Amino acid sequence: MLVDTFGQDLSALGIEDAGVVEVSADVHANDEVIGHGCMPPSDDEDQKRFADVKEKLPNLAGKIGIVSQFAQGSFGAVADPEDPGASFIYDLGMKFPDKLTDGTVPVDKGRVTLSPENVSYLAADFMVIYNRTGSIEEVENTPGYKDLPQVNSGATLAGDEAVVAGLNNPTSLSRAWVLDKTMPTLEKLESSQGPHGSDTC
């Protein structure tokens, strides 16, 4: 069984081995989410796509972004800027919260695990998140979750398993699909006033 770095069984998403990424229809993805390899994409078309978005949405620069999963009562989040799962956030000019990268929380295999009482560590401007072991309502009912700035502002894409899988296993085609799926949320973030620039929400 192939699992991602959050411990998710990727076979449920149609990812059968490390050489192929294919998200199946049962997670409401379309045929565009098909790529080869799980390494961060580096082709010119992919880089130009992200450069165009940065030009179109300049206020994303310096914003704080989160890629997270909830499972069995705990939050997991990508915390290593060098991890492939970080490429989407950083290639848009955003960054992770300082508390996830400065050693405040132990990082294991590029991820941090947070108990519900530390949900404030996820304070950011933008977030994608889903519940691997239950409903998104369980996440939303976690005390403090609805107080997160990105939740209050509507700059959170919640409950989409395929998007989180695409972020954690980036290919040029999967990143293009994820960019399309997240664009309404990113545009909402762009229209907000100024970059967050810190995690003192």
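Model, not experiment: these values are computed from the prediction. Residue indices follow the written sequence of each chain, beginning from 1 at its first position. Since the coordinates come from a predicted model, pLDDT governs what is reported: local features require at least 70, and pairs of side-chain atoms require 80 or more to be given and counted, while whole-chain, interface and lining totals use all residues. Based on all heavy atoms of the structure, the side-chain values leave hydrogens and waters out of the count.

1. Side note on the confidence of the model for the chain
Right, so step 1: Of the residues in the chain, 75% have a pLDDT of 70 or more, and the chain-wide mean is 81.
Right, so step 2: In the predicted structure, residues 1-39 sits below a pLDDT of 50 and forms 86 contacts with residues beyond four places in sequence or in another chain.
Right, so step 3: Think of pLDDT as the predictor's per-residue confidence, scored from 0 to 100. We call two residues in contact when some of their heavy atoms are within 4.5 Å. Within the model, pLDDT remains below 50 along residues 197-201, and this stretch shows 12 contacts once partners closer than five positions in the same chain are excluded.

2. Topic: the packing of helix H6 (residues 161-168) against helix H7 (residues 172-190)
Right, so step 1: Fitted lines through C-alpha atoms give the axes, limited to the stretch in contact for helices. The angle between two N-to-C directions lies from 0 to 180 degrees. Helical segments are the DSSP runs of H or I of at least four residues, strand segments are the runs of E of at least two, and each set is numbered from the N terminus. At a closest axis distance of 9 Å, the pairing of H6 and H7 adopts a crossing angle of 135°. With respect to H7, the axis of H6 lies oblique. At the point where H6 passes H7, the crossing takes the left-handed sense. On H7, the residues touching Ala162, Val163, Gly166 and Leu167 of H6 are Ser174, Trp177, Val178, Lys181 and Thr182.
Right, so step 2: When the residues that make up the contact of H6 with H7 are grouped by side-chain class, the tally is five nonpolar, three polar and one charged. Our angle categories are set so that under 35 degrees counts as roughly parallel, over 145 as roughly antiparallel, 65 to 115 as roughly perpendicular, and the remainder as oblique. Here is the rule for handedness: rotate from the far helix to the near one, and if that takes an anticlockwise turn smaller than a right angle the crossing is left-handed, while a clockwise turn gives right-handed. Classification used: nonpolar for Ala, Val, Leu, Ile, Met, Phe, Trp, Tyr, Cys and Pro, charged for Asp, Glu, Lys and Arg, polar for all others including Gly.

3. Considering helix H1 (residues 44-56)
Right, so step 1: For H1, spanning 13 residues, the distance from its first C-alpha to its last is 18 Å, which sits close to the expected 18 Å at 1.5 Å a residue.
Right, so step 2: Along H1, the positions that sit buried rather than exposed are Asp46, Arg49, Phe50 and Val53. Looking down the long axis of H1, one finds its buried residues gathered within 90° of arc, a one-sided arrangement. Among the exposed residues of H1, those oriented more than 90 degrees off its buried face are Asp44, Glu45, Lys48 and Glu55.
Right, so step 3: Next to the buried residues of H1 lie helix H2 (87-91) and H7. Here the expected span of a helix is defined as 1.5 Å times the quantity of residues minus one. Relative accessibility decides the category of a residue: with a 1.4 Å probe and only protein chains considered, values under 20% of the type maximum give buried, values over 50% give exposed, and everything between is partly exposed. Directions are taken from the helix axis to each C-beta atom, and the arc is the one they span.

4. Focus: the pattern of salt bridges
Right, so step 1: Salt bridges are defined as contacts in which a side-chain nitrogen from Lys or Arg sits within 4 Å of a carboxyl oxygen from Asp or Glu. Applying the stated criterion across every chain yields a total of eight salt bridges.
Right, so step 2: Residue Glu45 is joined to Arg49 by a salt bridge in which the shortest nitrogen-to-oxygen separation is 3.3 Å. Taken together, the residues Glu45 and Arg49, both in helix H1 and four residues apart, mark about one turn of the helix.
Right, so step 3: According to the relative accessible area criterion, Glu45 is exposed, its value standing at 56%.

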